[in-house]
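# Observations on the model geometry
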Amino acid sequence: MTIPREVLAITLSLVAAFGSACGVAGPSACTLIGCTGLVVEVTGAPGQTPVTVVVTAPDGSTRSATCTSTTGTCPVSFPDFTPASITIRVVTGNQTTEVTRQPMYEVSRPNGPACPPECRNARVTVVL
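This report concerns the structure included in the present document. (Residues numbered from 1 in each chain as written. Predicted model: local features only at pLDDT ≥ 70, side-chain atom pairs only at ≥ 80, totals over all residues. Heavy atoms only, no water.)

## Focus: the state of the cysteines
The cut-off we apply is this: In plain terms, two cysteine sulfur atoms within 2.5 Å form what is called a disulfide here. Note on conventions: DSSP H or I runs of at least 4 residues are helices, E runs of at least 2 residues are strands, and numbering of each starts at the N terminus. Buried means the residue's accessible area, taken with a 1.4 Å probe over protein chains only, is under 20% of the maximum for its type, while exposed means over 50%, and partly exposed covers the values in between.
Under the definition given, this model contains three disulfides. Between the sulfur of cysteine 30 and that of cysteine 115 lies a disulfide, 1.9 Å long from S to S. Disulfide cysteine 30 to cysteine 115: torsion about the S-S bond roughly -75°, handedness left-handed. With a gap of 85 residues between them, cysteine 30 in the loop between α1 (5-18) and β1 (38-43) and cysteine 115 in the loop between β7 (106-108) and β8 (119-127) connect regions that are remote in the sequence. There is no split in this pair, since cysteine 30 and cysteine 115 are both buried. Looking at the protein, its bonded cysteines, counted consecutively from the start of the sequence, adopt the pairing 1-5, 2-6, 3-4.

Following this line, the structure appears as C-alpha coordinates:
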(Lines give C-alpha, C1' and ligand atoms only; values in the text may rest on other atoms or scores of the structure.)
Protein backbone atom coordinates (compact mmCIF):
# COMPACT_ATOMS: atom_id res chain seq x y z
CA MET A 1 0.00 0.00 0.00
CA THR A 2 1.39 3.40 -0.97
CA ILE A 3 0.81 6.22 1.48
CA PRO A 4 0.09 9.62 -0.10
CA ARG A 5 2.95 12.09 0.28
CA GLU A 6 0.74 14.51 2.21
CA VAL A 7 -0.19 11.87 4.80
CA LEU A 8 3.44 10.75 5.12
CA ALA A 9 4.65 14.34 5.56
CA ILE A 10 2.09 15.02 8.29
CA THR A 11 2.94 11.76 10.03
CA LEU A 12 6.68 12.45 9.96
CA SER A 13 6.11 15.98 11.23
CA LEU A 14 4.05 14.69 14.15
CA VAL A 15 6.64 12.07 15.04
CA ALA A 16 9.44 14.66 14.91
CA ALA A 17 7.48 17.22 16.93
CA PHE A 18 6.21 14.95 19.68
CA GLY A 19 8.69 12.07 19.76
CA SER A 20 7.59 8.95 21.57
CA ALA A 21 4.00 8.77 22.81
CA CYS A 22 5.13 6.63 25.72
CA GLY A 23 8.10 8.84 26.60
CA VAL A 24 10.39 5.80 26.74
CA ALA A 25 13.30 5.10 24.42
CA GLY A 26 13.79 1.61 23.07
CA PRO A 27 11.72 -1.16 21.49
CA SER A 28 8.66 -0.60 23.74
CA ALA A 29 8.31 3.07 22.74
CA CYS A 30 5.16 4.08 20.92
CA THR A 31 5.09 6.59 18.07
CA LEU A 32 2.27 8.88 17.00
CA ILE A 33 1.51 7.59 13.52
CA GLY A 34 -2.20 7.84 12.71
CA CYS A 35 -4.46 5.79 10.51
CA THR A 36 -5.10 6.67 6.87
CA GLY A 37 -8.46 4.86 6.90
CA LEU A 38 -10.08 4.96 3.49
CA VAL A 39 -7.91 6.51 0.77
CA VAL A 40 -9.50 7.31 -2.58
CA GLU A 41 -6.97 7.91 -5.33
CA VAL A 42 -8.34 9.67 -8.41
CA THR A 43 -6.23 9.14 -11.53
CA GLY A 44 -6.53 11.02 -14.80
CA ALA A 45 -7.40 14.22 -12.94
CA PRO A 46 -7.06 17.41 -15.00
CA GLY A 47 -4.19 19.60 -13.85
CA GLN A 48 -4.94 22.65 -11.72
CA THR A 49 -8.68 21.87 -11.61
CA PRO A 50 -10.19 21.14 -8.19
CA VAL A 51 -11.30 17.53 -7.77
CA THR A 52 -14.05 16.91 -5.20
CA VAL A 53 -14.47 13.38 -3.85
CA VAL A 54 -17.66 12.46 -1.97
CA VAL A 55 -17.88 9.01 -0.38
CA THR A 56 -21.19 7.63 0.88
CA ALA A 57 -21.77 4.54 3.03
CA PRO A 58 -24.89 2.36 2.78
CA ASP A 59 -26.28 4.02 5.94
CA GLY A 60 -26.20 7.41 4.16
CA SER A 61 -23.25 8.86 6.06
CA THR A 62 -20.90 10.85 3.83
CA ARG A 63 -17.48 12.44 3.82
CA SER A 64 -15.95 14.75 1.24
CA ALA A 65 -12.58 16.23 0.38
CA THR A 66 -11.11 18.33 -2.41
CA CYS A 67 -7.65 18.35 -3.94
CA THR A 68 -5.94 19.88 -6.95
CA SER A 69 -3.67 17.71 -9.07
CA THR A 70 -0.46 18.78 -10.70
CA THR A 71 0.43 15.20 -11.67
CA GLY A 72 -2.91 13.72 -12.77
CA THR A 73 -3.34 11.89 -9.45
CA CYS A 74 -5.39 13.15 -6.51
CA PRO A 75 -5.29 11.05 -3.32
CA VAL A 76 -7.67 11.97 -0.50
CA SER A 77 -7.88 10.29 2.90
CA PHE A 78 -10.82 9.70 5.21
CA PRO A 79 -9.11 8.43 8.41
CA ASP A 80 -12.22 7.69 10.49
CA PHE A 81 -14.43 6.37 7.69
CA THR A 82 -14.20 2.64 6.95
CA PRO A 83 -17.55 1.29 5.67
CA ALA A 84 -17.70 -2.14 4.01
CA SER A 85 -19.20 -0.66 0.84
CA ILE A 86 -19.01 2.87 -0.56
CA THR A 87 -20.33 4.94 -3.41
CA ILE A 88 -17.69 7.36 -4.64
CA ARG A 89 -18.68 10.47 -6.59
CA VAL A 90 -15.85 12.45 -8.20
CA VAL A 91 -16.64 15.91 -9.55
CA THR A 92 -14.13 17.94 -11.56
CA GLY A 93 -15.16 20.84 -13.76
CA ASN A 94 -18.27 19.69 -15.60
CA GLN A 95 -17.44 15.95 -15.34
CA THR A 96 -18.94 13.65 -12.71
CA THR A 97 -17.93 10.02 -12.24
CA GLU A 98 -19.68 7.69 -9.80
CA VAL A 99 -18.63 4.16 -8.82
CA THR A 100 -19.42 1.68 -6.06
CA ARG A 101 -16.60 -0.22 -4.37
CA GLN A 102 -16.08 -2.68 -1.53
CA PRO A 103 -12.72 -1.70 -0.03
CA MET A 104 -10.39 -4.43 1.22
CA TYR A 105 -9.21 -3.13 4.60
CA GLU A 106 -5.95 -4.20 6.16
CA VAL A 107 -5.64 -4.08 9.94
CA SER A 108 -2.37 -2.74 11.30
CA ARG A 109 -0.79 -1.12 14.35
CA PRO A 110 1.60 1.46 12.84
CA ASN A 111 2.95 2.53 16.26
CA GLY A 112 3.90 -0.95 17.41
CA PRO A 113 2.11 -4.16 18.42
CA ALA A 114 1.17 -2.94 21.91
CA CYS A 115 0.46 0.68 20.92
CA PRO A 116 -2.74 2.32 19.74
CA PRO A 117 -4.35 2.84 17.37
CA GLU A 118 -5.42 -0.30 15.57
CA CYS A 119 -6.00 0.90 12.01
CA ARG A 120 -8.27 -0.31 9.24
CA ASN A 121 -6.75 1.06 6.03
CA ALA A 122 -7.79 0.59 2.40
CA ARG A 123 -7.04 2.27 -0.91
CA VAL A 124 -9.40 2.41 -3.88
CA THR A 125 -8.72 3.97 -7.25
CA VAL A 126 -11.17 5.87 -9.43
CA VAL A 127 -10.08 6.48 -13.03
CA LEU A 128 -11.47 9.56 -14.77
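So, next bit.
## Some thoughts on the sheet that holds β8
For clarity, the cut-off: Strand pairing is defined by DSSP finding a minimum of two bridges between the two strands. Lines fitted to C-alpha atoms define the axes here, with helix axes fitted over just the stretch in contact, and angles between the N-to-C directions of these axes take values from 0 to 180 degrees.
Strands sit in the order β4-β1-β8-β7 across an open sheet of four strands; the sheet is mixed. Each end of this open sheet is capped by a strand with a single partner; those strands are β4 (73-78) and β7. Direction aside, neighbouring strands of the sheet carry axes that sit 25° apart on average.

## A look at the sheet that holds strand β2 (residues 50-56)
With respect to topology, four strands assemble into an open sheet ordered β3-β2-β5-β6, the strand pairing being antiparallel. What marks the edges here is a single partner per strand, and that holds for β3 (62-68) and β6 (95-101). Sheet twist, expressed as the mean angle between neighbouring strand axes with direction ignored, is 15°. Both β2 and β3 contribute to a ladder of seven bridges, which runs antiparallel. Each residue of the ladder has a partner; that of proline 50, found in β3, is threonine 68.

## Structural notes on the side chain of threonine 97
Stated formally: By definition in these notes, contact holds between two residues if any of their heavy atoms fall within 4.5 Å.
Considering the arrangement of structural elements, one finds threonine 97 in strand β6. The contacts of threonine 97, once residues within four sequence positions are left out, are Ile88, Arg89, Val90, Val126, Val127 and Leu128.

## A closer look at the nonpolar core
This is how it is decided: We define the nonpolar core as a collection of buried residues of types Ala, Val, Leu, Ile, Met, Phe, Trp, Tyr and Cys that are connected through side-chain atoms lying within 4.5 Å of one another.
In this structure, Leu38, Val40, Val53 and Ile88 are the most contacted members of the largest nonpolar core, which totals 21 residues. Counting only elements with at least two residues in this core, the list comes to β1, β2, β4, β5 (86-92) and β8. Apart from residues no more than four positions distant in its own chain, valine 53 is found in contact with Val40, Val42, Arg63, Ser64, Ala65, Val76, Phe78, Ile88, Arg89 and Val90.

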